[in-house]
Amino acid sequence: DAVRVGGSVGVVGAGHDNAFPFPMIDMFMKNITFRTGLCPVASTWAQLVPLVCAGTLAPESMVSHVLPLSQGPAAYALCDSRSDDVMKVVLDPSA
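For the structure given in this document, a descriptive report is provided here.

Rules used throughout
Per-chain numbering applies: the sequence of each chain, read as written, is numbered from 1 onward. Where local features are concerned, this predicted model is filtered to residues with pLDDT of at least 70; where side-chain atom pairs are given and counted, the filter is 80 or more; whole-chain, interface and lining totals use all residues. Calculated side-chain values reflect all of the structure's heavy atoms, with hydrogen atoms and water omitted. Throughout, exposure labels follow a simple rule: accessible area from a 1.4 Å probe, protein chains only, divided by the maximum for the residue type, with under 20% read as buried, over 50% as exposed, and the rest as partly exposed. The way it works is that DSSP assigns letters per residue, a run of H or I at least four long becomes a helix, a run of E at least two long becomes a strand, and they are numbered from the N terminus. Strands are labelled as partners when DSSP assigns at least two bridges between them. Here, expected helix span is obtained from the residue count minus one, scaled by 1.5 Å. A residue's bend is the angle separating two fitted axes: one through the seven residues that end there, the other through the seven that start there.

Some thoughts on the pairing of strand β1 (residues 8-12)
Right, on to step 1. By the criterion of burial, β1 is predominantly exposed, with just zero of the five residues buried.
Right, on to step 2. Sheet topology note: the β1/strand β2 (residues 33-37) ladder contains five bridges and is parallel. The residue of β2 that forms the bridge with G10 is R35.

This is the structure we're talking about:
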């Protein structure tokens, strides 16, 4: 219900959940386009960094948690559990 008939779903990133439930028949019946891919970091880095520095892009809106670097293992566990509404975790070496 989250995608209109004839709509598109895009997934960018590196998924690792092999048990991902995929409603294939719903996709066919609603004529939905499903696209995946890895984020092209290397090819976009030089264009994005100046935009972030200028304040045009605000990547901090994607950060859900900031933890000290010493809590790295806990940060990975948090991401793996997908709990506490985790989206992105920043590890702060100065904390």
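A short note on the environment of G72
Right, on to step 1. On the secondary structure map, G72 appears in helix α3 (residues 72-81).
Right, on to step 2. Looking at G72, the relative accessible area reads 9%, which means it is buried.
Right, on to step 3. As for G72 and V89, which are separated by 17 residues in sequence, their C-alpha atoms are 9.6 Å apart.

Re helix α2 (residues 41-53)
Right, on to step 1. Counted at 1.5 Å a residue, the expected span for α2 with its 13 residues is 18 Å, and the 17 Å between its end C-alpha atoms agrees.
Right, on to step 2. The largest bend along α2 reaches roughly 40° and is located at Q47, with the proline P50 sitting one to four residues downstream.
Right, on to step 3. The first or second residue beyond α2 is G55, which carries a positive phi of 85°.

Quick notes on unusual backbone geometry
Right, on to step 1. The residue N31 is not glycine, and still its phi comes out positive at about 55°.
Right, on to step 2. Mapped onto the secondary structure, N31 falls in the loop between α1 (24-30) and β2.
Right, on to step 3. Of note, D84 is a non-glycine position whose phi angle comes to about 55°, a positive value.
Right, on to step 4. Mapped onto the secondary structure, D84 falls in the loop between α3 and β4 (89-92).
Right, on to step 5. Overall, D84 belongs to the exposed group, its relative accessible area being 55%.

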